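Fold and contact review
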Amino acid sequence: MTWNYDISQAPKGLHETQEIEVKGKVQSRKIFEPERIIVACRDGATVTLSHWLPTQERWLNLATDEVPTAWMLWPEHPEASE
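Keep in mind it's a predicted model, so treat the numbers as computed, not measured.

**Here we look at the overall build of the protein chain**
Across its full length, the protein chain carries zero helices and seven strands. Counting from the amino terminus, helix and strand elements in the protein chain follow one another as β-β-β-β-β-β-β. Looking at the protein chain residue by residue over its 82 residues, the buried ones come to 26%. Sequence-distant contacts in the protein chain: of pairs separated by 6 or more residues, those separated by 24 or more amount to 47%. If you sum the accessible surface of the protein chain, you get close to 6300 Å²; carbon and sulfur atoms cover 50% of it.

Shown next, in the form of structure tokens:
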């Protein structure tokens, strides 16, 4: 894995609409599935797990005005694909 320094390329998760049945009625609801990434902060010391928070328009574990300097995908467990 390598760091990507273009934060605009960081995945912000899936937004989709799902049909569900509630008390005999079919309703639509929006679902957000975040994609976990690792971000490096501009302080030169902090690296943390994060994902996009669409309602707050910021990255998890970062302040509203904080923009990561780099990111990489969260790795999968080596046995997850077997």
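**Brief notes about the pattern of salt bridges**
This model, assessed by the stated rule, comprises one salt bridge. In this structure, Glu 66 engages Arg 42 in a salt bridge whose closest nitrogen and oxygen atoms are separated by 3.5 Å. Taken together, the residues Glu 66 in the loop between strand 6 (58-59) and strand 7 (70-73) and Arg 42 in the loop between strand 3 (37-40) and strand 4 (47-50) connect sequence positions 24 residues apart. A residue is classified by how much of its surface remains accessible, and Glu 66, at 19% relative accessible area, is buried.

**Looking at the pairing of strand 4**
Note that strand 3 and strand 4 share four bridges and pair antiparallel. If you follow Ile 37 over to strand 4, its bridge partner there is Ser 50. Hairpin geometry of strand 3 and strand 4 is characterised by an intervening segment of six residues between the two adjacent antiparallel strands and by a positive phi of about 80 degrees at Gly 44.

**Re the packing of aromatic side chains**
Evaluation of the coordinates by the stated rule reveals one aromatic pair. Aromatic pair Trp 52 and Trp 59: ring centres 5.0 Å apart, planes at 70 degrees, arrangement edge-to-face. Positioned above the aromatic ring of Trp 52, the side-chain terminus of Lys 12 is 3.8 Å from the ring centre.

**Overview of the sheet that holds strand 4**
Read across the open sheet, the three strands follow the order 4-3-7; overall the sheet is antiparallel. At either margin of the open sheet sits one strand with a lone partner, and together these are strand 4 and strand 7. Strand-to-strand, the axes of this sheet are offset by a mean angle of 30 degrees, without reference to chain direction.

Cut-off values and rules
Residues numbered from 1 in each chain as written. Predicted model: local features only at pLDDT ≥ 70, side-chain atom pairs only at ≥ 80, totals over all residues. Heavy atoms only, no water. Helix = DSSP H or I, 4+ residues; strand = E, 2+ residues; numbered from the N terminus. Buried < 20%, exposed > 50% of the residue type's maximum accessible area, 1.4 Å probe, protein only. Contact = heavy atoms within 4.5 Å. Areas by Shrake-Rupley, 256 points an atom, 1.4 Å probe, with all protein chains shown as cover. Salt bridge = Lys/Arg side-chain N within 4 Å of Asp/Glu carboxyl O. Pairing = 2+ DSSP bridges. Phe/Tyr/Trp six-rings, centres within 6.5 Å; stacked < 30°, edge-to-face > 60°. Lys NZ or Arg CZ within 6 Å of the ring centre and 35° of its normal. Axes fitted to C-alpha atoms, helices over the stretch in contact; angles between N-to-C directions.

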